[in-house]
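# Structural features, examined
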Amino acid sequence: MPSTTGSEVLTQGAGYGVVLGIGFVFAIIMMGLSTLQNRYTTYKIATSEEFNTASRSVKPGLIASGIVSAWTWAATLLQSSTVTYEYGLCAGYYYAAGATIQIFIMAILAVRIKMIAPYCHTFLEIVHARYGNGAHFMFATFGLVVNLIVSSMLLLGGSAVVNAFTGMNIYAANFLIPLGVCIYVILGGLRATFLCDYSHTLILMILILYFFFWTYTKADLIGGFEGMYNLLQQASIERPVSGNQDGSYLTLKSNYGLTFMIIQITGGFGTVMLDQGYWQRAIASEAKTAVRAYLMGGIAWFAVPLTFSSIMGLAAVALANNPSFPYPGGLTVAEIDAGLAAPAGVVTLLGSGGAAAMLILLFMAVTSAASSEMIATSSILTFDLYQIHFKPDASPESLMRVSHIMVAVWAVVMSCTASLWNGIGISLNWLFLFSGTLFTGAVGPVIFSVVWRQQTKEAAICGALGGVVVGVIAWLAVAKTHYGELTIATTGQMYPNLAGNLGACCSGAIISAVITLIKPDNEFDWSATKRINPRARAMDRKQAALRASASGSETPVEKEKQEDVAVDTSSANDDISIDVPAEDYAKLQKSLKVATWAALTMTFVVVFLIPIPMFLSHYVFSLSFFKGWIIVCVLWLIVAACITSVLPLWESRLAMKDIFLGVIRDVFGGVVRTGARSRTDV
């Protein structure tokens, strides 16, 4: 574990106060929001459909905010700044570009899932409907491994920063950080998680903008745009970057930076396509706005690592030799691996006040992403393991009870795993680079399961397992060949992880495609996936009746249970009853075309059109170009703030008005019928 005493500018009490205090504040807020939701809207968190899918009615602005929140891990802020410290300004861009295209691709898959399985809870239910128990259990294992690695990485980064700033015991931080998150997820379910995501993202945007304006307009140690440029030029002379043009920190011509982007792309596909949290947002979104939500989410998220790394990552580079820098002589390899570049920059520029702001910022990032992981994993454990494999006839009450239990169980599991990584010396940087090797082999088969009806069970299984085998062999072989030994240090280097990630991702898709083309499944027609979750389909048909009777004496759980009993099982075998209405299907097909073209265009722009010409030209930024680059970054962040902070309020203005009027009537003795409102824009 790296020594962090140089940056301990806050007391341990402050660390415990942030970790416990803010977590419980959000838990209390969730209690209030859940109470308001149950009393003044038709969405009742006591139903399993609302708890796990938010009744599939969330507006695009809130979905986009949730995507930004869920994809902004501690690693997003720490790792983007760390690679910027190592490889220069280009690395922040390469980090953002490498992890944004997956969100754009999810826009396509979000439409597909509405077309082929409109009532599913998880993407794994589609796998089960197509390939049966064996394949389903294997892909569920992949999904849980992804959730486990992502969850533990969140705590690994968050606890390292809390320890660095306050000296708080790192193992205590691992167990206490998820505590408040676990409570508010259990209290509020998926919709409450979205609302917390919104508040987290709002705080995130405010603090990043604060850091920007302070660093580039107020900080005497930096001296504005020109001062930052001169300091980076000096750093290029004193500590030239290997593989960069002229050793400069101010160029996109970076061999290691480009390699990192490729690792980020392949590994990112695994952490998005195999993470139920992202599918959950597609499932929770309204069908007509799913594409817009994911495209806006991708555009907004891109600005977060790009701008933050251009502030604190570059500040750490510029001030590494400053006497105020908490780590004399710059960061050691261990401190870089722990992700301490951004914390060091914050402490140097802003002292204890900046450290407190950074601590809150990281805590928001960790808890918001952790809440997404908890409810996503709970959905897999409840609907894909408990209901499918143990109790297919589970009642709504038992599903709710299991969902709550699994949220709590996962909080303990992720804490124990993060502590394990700390104990054996696995750093955030090592885990971040390696993780894709372990699971991206399953990405191709999962995508094909949703878009290619001819893929066979054998192709899906062989592709996923073959991808893992090829990836691990490539990873170890390159580490041994290139560095002569297999150690934590050599296996954590860039080139072995490039080979492992690329090998796993590409071979998994290729193996699956080849086997399918040799012997395709020409009989599958998606009817099996459309039959998933007959209870929700029956409830959707009787939605008007449910709303009309929402103020009756029956509880939401009782109503859901009655609807389950009332499902006509014969209709599940009637293709007409399970098909999406022709008008809606035509709209979805149009949305699919829009999503495909938009995703491909945006991917081409951010991955090829902008960086590759600048890489090939070996261009080193001039002062005026550097100013323009930073200004574009912050303007992009302001647009992102409007998407994630202003748009959700505008979309929910009528629902908020209804709730406000209902509270006023209750307070002043008026009569408000619980659930009388039928707003769907909450």
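Residues numbered from 1 in each chain as written. Predicted model: local features only at pLDDT ≥ 70, side-chain atom pairs only at ≥ 80, totals over all residues. Heavy atoms only, no water.

The name given to the protein in an unreviewed UniProt entry is Na+/solute symporter, with Rhizopogon vinicolor AM-OR11-026 as the source organism. Entered under Subcellular location (unreviewed entry) in the UniProt record, the comment concerning the protein runs "Membrane". Here is the UniProt Sequence similarities (unreviewed entry) comment for the protein, exactly as written: "Belongs to the sodium:solute symporter (SSF) (TC 2.A.21) family." (UniProt positions renumbered as here; feature names shortened; annotations may be inferred.)

## A look at the overall build of the protein
In terms of regular secondary structure, the protein is built from 29 helices and 0 strands. By residue count, 62% of the 682 residues in the protein fall in the buried class. By sequence separation, contacts in the protein at least 24 residues apart represent 85% of the contacts at least 6 residues apart. (Helix = DSSP H or I, 4+ residues; strand = E, 2+ residues; numbered from the N terminus. Buried < 20%, exposed > 50% of the residue type's maximum accessible area, 1.4 Å probe, protein only. Contact = heavy atoms within 4.5 Å.)

## Observations concerning the side chain of Thr382
Relative to the assigned elements, Thr382 resides in helix H14 (residues 341-390). There is a polar contact of 3.4 Å between the side chain of Thr382 and the side chain of Ser403. Ignoring sequence-local partners within four residues, the contact set of Thr382 consists of Gln387, Leu399, Val402, Ser403 and Met406. (Polar contact = N/O pair within 3.5 Å; in protein donor to acceptor, adjacent residues only side chain to side chain.)

## A short note on the state of the cysteines
Within this structure, the stated rule accounts for 0 disulfides. Among the cysteines around Cys505, which has no disulfide bond, Cys506 carries the closest sulfur, lying 5.5 Å off. Relative accessible area serves as the criterion here: at 13%, Cys505 is assigned to the buried category. (Disulfide = S-S within 2.5 Å.)

## Considerations on the nonpolar core
In terms of nonpolar packing, the biggest core is built from 203 residues, with Phe211, Met358 and Phe626 touching the most fellow members. Here the element with the most residues in this core is H14; it accounts for 24 residues. (Core = buried A, V, L, I, M, F, W, Y, C linked by side-chain atoms within 4.5 Å.)

## Some points on unusual backbone geometry
The backbone of Asp246 shows a phi angle near 55°, a positive value even though the residue is not glycine. Tracing the sequence through the fold places Asp246 in the loop between helix H9 (224-238) and helix H10 (255-273). The backbone of His618 shows a phi angle near 60°, a positive value even though the residue is not glycine. Looking at the element boundaries, His618 is found in the loop between helix H27 (611-617) and helix H28 (623-651). Judged by its relative accessible area of 37%, His618 falls in the partly exposed class.

## A word on the packing of H9 against H28
The geometry of H9 relative to H28 is characterised by a closest axis approach of 10 Å and an angle of 115° between their N-to-C directions. Here the hand of the crossing between H9 and H28 comes out right-handed. Packed against H9, whose contacting residues are Phe225, Glu226, Met228, Tyr229 and Leu232, the element H28 presents Leu623, Phe626, Lys627, Ile630 and Ile631 at the interface. Taken together, the residues that form the contact of H9 with H28 break down as 8 nonpolar, no polar and 2 charged. (Axes fitted to C-alpha atoms, helices over the stretch in contact; angles between N-to-C directions. Left-handed = near helix turned anticlockwise from the far one by under 90°. Nonpolar A, V, L, I, M, F, W, Y, C, P; charged D, E, K, R; others polar.)

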